[in-house]
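# Summary of structural features
Listed below, chain by chain, are the residues.
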Amino acid sequence: MPARFNTFQKNTLKPKKHKKASGNEDPHNGRTSPWPSFRSSRMKKAGGLFLLLFSLFLLLSMLSYLFSWRADDAFLDGRSLNWALLTDASVEVENMMGRLGAIAAHLFVKQWFGISSLLFVLISFVLGLRMVSGYALLPAGKTAGYSVFFIVWLSVFFGYVIPGGNWLILGGIFGYESALWLNGLLGVAGTAMLLLFVMGSFVIMVYDPNFRAISTFVSGLFGGKGRKGPAPREVLDEIRDPDQGSSAEDPETGNEGPDTADEAGAADTKPNPAGQEAAGAERELELEPETPPAQTPAGGDGPEWEIEVANGKLTGSDYQTIDNPYPGQEDGLPDLSHLGEYDPTLDLPRYRLPGLDLLDERGSKTIQINKEELEANKNKIIDTLNNYSISIDKIKATVGPTVTLYEIIPAPGVRISRIKNLENDIALSLSALGIRIIAPIPGRGTIGIEVPNSKPEIVSMRSVLGSERFRNSSYELPIGLGKTIANETFIADLTKMPHLLMAGATGQGKSVGLNAILASILYRKHPAYVKFVLIDPKKVELNLFSKIERHYLAKLPDAEEAIVTETRQVIRTINSLCVEMDNRYDLLKDAQARNVKEYNAKFVARRLNPNMGHRFLPYIILFIDEFADLIMTAGKEVELPIARLAQLARAVGLHLVIATQRPSVNIITGTIKANFPARIAFRVTSKVDSRTILDSGGADQLVGRGDMLLSTGSDLIRLQCAFIDTPEIERITDFIGSQRAYPDAFHLPEYLEDNASLGEALDPSERDELFDEAARIVVSTQQGSTSLIQRKLKLGYNRAGRIIDQLETAGIVGPFEGSKAREVKIKDEMSLEQILRSEP
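What you see is a predicted model; the values in this text were computed from it and never measured. Starting from 1, residues in each chain are numbered consecutively following that chain's sequence as written. The model is predicted, so local features are restricted to residues of pLDDT at least 70 and side-chain atom pairs to those at 80 or more, both for listing and for counting; the totals for chains, interfaces and linings are taken over all residues. Values reported for side chains reflect all heavy atoms of the structure, with hydrogen atoms and water molecules removed beforehand.

### Some points on the overall build of the chain
For helices the rule is a DSSP run of H or I covering at least 4 residues; for strands it is a run of E covering at least 2, with both sets numbered from the N terminus onward. Scanning the chain from N- to C-terminus turns up 26 helices and 18 strands. When accessible area is computed with a 1.4 Å probe and restricted to protein chains, residues below 20% of their type maximum are described as buried, those above 50% as exposed, and intermediate ones as partly exposed. Looking at the chain as a whole, 45% of its 840 residues are labelled buried. Here a residue-residue contact requires only that any non-hydrogen atoms of the pair lie within 4.5 Å. Residue pairs in contact within the chain that sit at least 24 positions apart in sequence constitute 66% of those at least 6 positions apart. Total accessible area on the chain stands at roughly 44,600 Å², and carbon and sulfur atoms take up 54% of it. For the area figures, the Shrake-Rupley method with a 1.4 Å probe applies, and any residue is considered shielded solely by the protein chains shown.

The structure is reproduced here in structure tokens:
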């Protein structure tokens, strides 16, 4: 069964207290310590380097001992192997690693386990390599366990086969004495049977060999035909495809089926997709269901049948039915439930999710209530309303981490609009910034007045990810955004949003919000279930996540870096996601699934054939920071594929998270807003920007520093975004990056740019008559600008634009780069004249 990653172990939720040595700082609080604990990566790498060098030392000592053991043993036998012998300079040995190497090899090879002690070198090398580089050459646990078994077994075996004498180094004194004791206990034959039993049990437990297949092979060597009659269900040769009908001759009855000889031959040569095992299965099982003889159509030789699967029956074009050869399977495929469900995590079975100890504890777990402040604000609100002859029946306060919500119930006959118009007056009386009036609060029948706290609390990411609501959520892609005014952890499902738009002024928390979303998914999802496409025009915000490239990131096959920063690469990546979206829709169509969740459920249940192109589809989340910069430099080349992904990609598991600091209408267009029902607004500077993001005011009245409004279509929810700092992100990515990873990042489909439009002006006869003169102007000024050609040649914009396109086709100027001037590829006029003369 696939492992579940939506439940944290209980012990990971308890904050770990880091013990500090006197005079040293805790290595996990953001400050480095000159003496790091063994948990730190530096100490780990140092220990790994020691193991690597120790394995080399041990290997050279043992190999040298195999040639110098006679001379070294003559000196070491009968002596006590102590420190005095090791430090005695008068002692001379022939071992190439000196006295220490001679003593170590003497102990391991002769005194202990013989030549099987060389496996200690393998154990030390595998562990050291993993500690230094994180690369697992072999599974560490299995390598150590198997090596210890063979060390002991081979030592006893050599001691049994070659007892004593000059060949004592093969099994060592341990093996010789053990074999001698077993011979006295069980006898020579009994010891041999015990050794055979131990080795046989090891092979069975580890490899589970198919003894029936071995016996069949052996009987075939001696001319045996095996047992007659129907073959058992668990050991047969093939899985028959129901689409091919019955075979030409039934193996049990010998009767011919409805297929002709030609059809039977075609069925034999046709590959059987249903019989292929799904990718990732732990072992192959051979199965041949008992196929009942098919019903022969009336009339003998009829037209050829095109058989398709529908509702458990195989139906022909003339509406005659054939019983499903696989009863109980609605889709007519063989029952492979005995193989178990497909586990997407088998490529990284030992992957561990990050623990809460990587995050810092900030603030207090409970909100500190200042009763004096609450009472003073309540009285000021009541006095301000009384000054305008507005009476209220009841008022209550709900204290949050950043804002306190005062709910008032006005007296009968009071118009809500009168209270709404007093927003500035209440802010003046309270001497507070960011007063927001909610009139009325949906579903409560009260009017809300949000007042910022004088001492706001920081909402730590640790408190959000460690909450019961986050740990026990059943969401597909849960994201912990922060806490509400009622100090409740707010968890959302990105698959239900299904895309998220974030906007706000500089320094108000957009990048922290992106990091919070990324950290939430990293804490809940195995790399097999989700992939990230990170686009960062600023080149510094998302760069920390480059360490998890081979675990979680997706990129183009020819991309050098997984985090996309260049505009041209951004366009290719977004268009590649459109290609991936179309490919996934084709797979969903073939699988008759409406969304990626249904598709993956069928694939996990082994109802889809990988040989037909089906595969497990992880969620792909596109993160874009500074979307405004992309629109300014690329324009429609980015906006159109983004709009297409926002319209269609939800059903196939592609989701978008876009952040921008310039929420103007030319950046967040109507096409984009229509497909982003979920929007987050941090503090902005004007009501116009707030209405651009949320279609309503309120974002201009936030207090900043993570204070945000979440719009899900109908409601506005005020949240305090969870804070996660750069050192915490580094610890998380270091923890993930140190584990075993995939060979490379997840590859997106290749996207070939359509350059057909550039070929319109390839014919020199269709060039503008001012083409040569414009080329000389561009090369002499080294400016590939349409406006320059307009001014110099006194042309209109359309004609100057066509000339620029012709210059690009001729290779004189580079492609369009947004607001920047085009690059001039020809650097001098002599080269230009050669180009102009060479063309007809």
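### Digging into the packing of helix α23 (residues 771-781) against helix α24 (residues 786-793)
Helix-helix packing: each pair is described by the crossing angle between the helix axes and the interaxial distance. In this description, a line fitted to the C-alpha atoms serves as the axis of each element, helices being fitted only across the stretch in contact, and the angle between N-to-C directions of two axes falls anywhere from 0 to 180 degrees. One can describe the packing of α23 onto α24 by two numbers: an axis separation of 10 Å at closest approach and a directional angle of 115°. Between α23 and α24 the crossing geometry is right-handed. Taking contact as the criterion, the partners of E773, A774, I777, V778 and T781 in α23 are, on α24, L788, I789, K792 and L793. The sense of a crossing depends on the near helix, which, turned anticlockwise from the far helix by less than a right angle, makes the crossing left-handed and, turned clockwise, makes it right-handed.

### Digging into a positive patch on the surface
Patches were defined on residues exceeding 30% relative accessible area and lacking a salt bridge, with like-charge contacts within 9 Å and nonpolar side-chain contacts (Val, Leu, Ile, Met, Phe, Trp, Tyr) within 5 Å. What counts as a salt bridge is simple: a side-chain nitrogen of Lys or Arg found within 4 Å of a carboxyl oxygen of Asp or Glu. Charged residues are defined here as Lys and Arg on the positive side and Asp and Glu on the negative side; His and the ends of the chain fall outside this count. By convention, the charge on Lys lies at NZ, on Arg at CZ, on Asp at CG and on Glu at CD. A surface patch of like charges, here positive, comprises K44, R130, K142, R350, R352 and R740. Summarising the element assignment, R352 is placed in the loop between β3 (321-323) and α9 (371-387). Looking at R352, the relative accessible area reads 51%, which means it is exposed.

### Description of the sheet that holds strand β10 (residues 500-503)
Paired strands, in this sense, are two strands between which DSSP finds at least two bridges. Across the sheet, 9 strands lie side by side as β9-β8-β17-β16-β15-β10-β14-β13-β11; this open sheet has mixed pairing. Two strands in the sheet have a free side with no partner beyond their single neighbour: β9 (489-493) and β11 (530-535). Across the sheet, the mean angle separating the axes of adjacent strands is 30° when strand polarity is ignored. Where strand β15 (residues 678-681) and strand β16 (residues 707-711) come together, 3 bridges link them in antiparallel fashion. Across the sheet, the residue bridging to I680 is L710, located in β16.

### With respect to a nonpolar patch on the surface
Judged by side-chain polarity, L56, L59, L63, L66, F67 and L118 come together as a nonpolar surface patch covering roughly 540 Å² of accessible area. Among the structural elements, L56 can be located in helix α1 (residues 41-76). For L56, a relative accessible area of 45% translates into the label partly exposed.

### Let's talk about the nonpolar core
Buried Ala, Val, Leu, Ile, Met, Phe, Trp, Tyr and Cys residues that are joined via side-chain atoms within 4.5 Å together make up what is termed a nonpolar core. If you look at the biggest cluster of nonpolar residues, it comprises 116 residues, and the most contacted ones within it are F532 and L645. By residue number, the principal contributor to this core is helix α16 (residues 567-591), which donates 9 residues. Aside from chain neighbours lying at most four places away, what touches F532 is L518, I521, L522, Y552, L553, A554, I621 and F623. Formed by 21 residues, the second largest nonpolar core is a distinct cluster that contains A774, V778, L788 and A800.

### Focus: the side chain of Q739
Within the secondary structure, Q739 sits in the loop between α22 (726-737) and β18 (746-747). Of the residues examined, Q739 reaches a relative accessible area of 11% and is grouped as buried.

### Here we look at the packing of helix α5 (residues 140-161) against helix α6 (residues 168-207)
With their axes 7 Å apart at the nearest point, α5 and α6 run at an angle of 130° to one another. Taken together, the axes of α5 and α6 are oblique relative to one another. Along this stretch, α5 crosses α6, giving a crossing that reads as left-handed. Residue composition of the contact of α5 with α6, grouped by class: 21 nonpolar, 7 polar and no charged. Each angle is binned into one of four classes, with values under 35 degrees roughly parallel, values over 145 roughly antiparallel, values of 65 to 115 roughly perpendicular, and all other values oblique. Charged means Asp, Glu, Lys or Arg here, nonpolar means Ala, Val, Leu, Ile, Met, Phe, Trp, Tyr, Cys or Pro, and polar covers whatever is left, Gly included.

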